[in-house]
Every structure is written in C-alpha cells, then in structure tokens.
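Residue-level structure breakdown
Spelled out from the first residue to the last, the chains are:
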Amino acid sequence: MKLVLASGNAGKLKELQAMLAGLPLQIVAQGDLGVSDVPETGLTFVENALIKARHACASTGLPALADDSGLIVDALDGAPGLYSARYAGSPTNDAANNAKLLEALRDVPAERRTARFHAVIVLLRHANDPQPLICEGSWEGEILDELRGSHGFGYNPLFLDPVLQQTAAEMAPDLKNAMSHRAKALQLLKQKLATVIQ
C-alpha cells in the first residue's frame, strides 16, 4: 500500500519512517508529491491530525498518515500543548521554543516540572473516510532547567525520562523510538493496520 506522510517536519518524518520500516507500505513524504502544509486550526491534537491527513488525501488521492503531537507541561496549565512547534512564534525555532519554556518555568521547583509528550496518529484511507484509524500515545517525564543531549529535535534536550534518567536528546535513536509517545501510538496503529493493508 502506498501511503503519504502528511508532515513537513523532517524530524518527525525520519522517526515515522524508521518506526514503520518492515511494514508492507511504500511511504512517501507529502513534500515529495508537491503537497504543502495546511493550517492547523483544530482545538485538539486529534482535530489537527485529521486536518493534515485529509488535506494530504485530497491532494494526492492516496491514503494518508498524519501525526499531531506536543509537550504538555502541568505547571503551565498544559502549555505549550497544541502550540508546541510555534510556542515562541513563527517560523518554528527549536532553540527559541526551548528558551521560552525555560523562562516560563524559571521559578518552578523540580518536583512541579512534570510533563508529558502526547501524540495522535491518524490514518485516512481517503479524504472522506468516515472511520479514520486514530491512535494515541503519551510519554511521562519532567522538564529540566538546562539542555542535555544532541539527538532528536524540539524539546528533547529538556525532557527527562525519570526512569532512565536520560533526556530524549541523550537517548540513542533506537531507544527513543521504542520509548516515545509517537512509538506507543504507532504500535497501536500497526495492530490496526493489519485490517486495512491489502
């Protein structure tokens, strides 16, 4: 089955392609098919993932896989949340987003810096698919007060896994791809995909 990945985020594309390797899918990035990003106007991760998948389906005529995810920080009432990629404004800038997050948490003690990455992955078979496959995953952690590690992208250098005592940016890609919110959502999707792959 040929599948378009509805994302312009190079880091996400690399992760998704690695995690989906081995499935009987021919995965093509939307950019390779001339599909541009679409405004994410939803009020939830699910809505935004559906908007992206529907746009890619309508533009290509192919089934589409879309992901919407973000960092939810308890002490910030869930921010940056839906606006994680654009937390410090547009265009997106990881360094500026991390700096803004550190500033927002400057006076918050370590025990109150709990957070989680949350991901929603949606598969639409066609643009008007009335029964999309929707899978969600979360990764619990805490936000450090300084950057650690050089792998990954986004908030990975600030997000500490409390069990492994490593940030997402300190983990080898294979380990991160087994632990992450996106990995958990994709594992669920793989199980459901068995019902739709021809």
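The residue numbering used here restarts from 1 in each chain and proceeds along that chain's sequence as written. Whole-chain, interface and lining totals are the exception, using all residues; otherwise, since this is a predicted model, local features are given only for residues with pLDDT of at least 70 and side-chain atom pairs are given and counted only at 80 or more. The basis for every side-chain value is the complete set of non-hydrogen atoms in the structure, without hydrogens or water.

For the rest of this paragraph, the subject is the packing of aromatic side chains. Centres within 6.5 Å make a pair out of two Phe, Tyr or Trp rings, where for Trp the six-membered ring is used; the pair is then stacked when the planes are under 30 degrees apart, edge-to-face when over 60, and tilted otherwise. If you walk through the whole model with that rule in mind, you get 3 aromatic pairs. Seen in terms of ring centroids, Phe117 and Trp139 are 6.3 Å apart; in terms of plane orientation they differ by 40 degrees. Their pairing is tilted. Of this pair, Phe117 sits in strand S4 (residues 114–124) while Trp139 sits in strand S5 (residues 133–143), and the two are 22 residues apart along the sequence. Here Trp139 and Phe159 contribute two aromatic rings whose centre-to-centre distance is 5.1 Å and whose plane-to-plane angle is 65 degrees, an arrangement assigned as edge-to-face. Taken together, the residues Trp139 in strand S5 and Phe159 in strand S6 (residues 159–161) connect sequence positions 20 residues apart. Residue Trp139 shares its accessibility class with Phe159, and that shared class is buried. Of the aromatic side chains, those joined through ring pairs into one cluster are Phe117, Trp139 and Phe159. In this arrangement the basic side chain of Lys100 is found over the ring face of Tyr87, its NZ or CZ atom lying 4.5 Å from the centre. Think of it this way: any DSSP run of H or I at least four residues long counts as a helix, any run of E at least two long counts as a strand, and we number them from the N terminus. When accessible area is computed with a 1.4 Å probe and restricted to protein chains, residues below 20% of their type maximum are described as buried, those above 50% as exposed, and intermediate ones as partly exposed. Whether a charge lies above a ring is judged from NZ of Lys or CZ of Arg, which has to be within 6 Å of the ring centre and within 35 degrees of the ring normal.

Let's shift gears to the UniProt feature "binding site: Mg(2+)" (unreviewed entry) in the protein chain. UniProt positions are given in the numbering used here, feature names are shortened, and annotations may be inferred rather than shown by experiment. UniProt's feature table lists "binding site: Mg(2+)" (unreviewed entry) at Asp68, given in the numbering used throughout. Tracing the chain through its elements places Asp68 in strand S3 (residues 64–73). Excluding residues that lie within four positions of it along the chain, Asp68 makes contacts with Lys12, Glu40, Thr44, Phe45, Asn48, Ala49, Lys52, Leu82, His118, Ala119 and Val120. In this structure the side chain of Asp68 is engaged in a polar contact, spanning 3.5 Å, whose partner is the side chain of Asn48. By definition in these notes, contact holds between two residues if any of their heavy atoms fall within 4.5 Å. In the analysis that follows, any N or O atom pair within 3.5 Å is treated as a polar contact, provided that within protein one partner can donate a hydrogen and the other can accept it, and provided that, for residues neighboring in sequence, both atoms belong to side chains.

Every buried residue belonging to helix H3 (residues 94–104) is among Asn97, Asn98 and Leu101, and all of these are buried. On an axial view of H3, the arc spanned by its buried residues comes to 95 degrees, and they lie on one face. Close packing links the buried residues of H3 with S3 and S5. The directions considered for the arc are those from the helix axis to the C-beta atoms.

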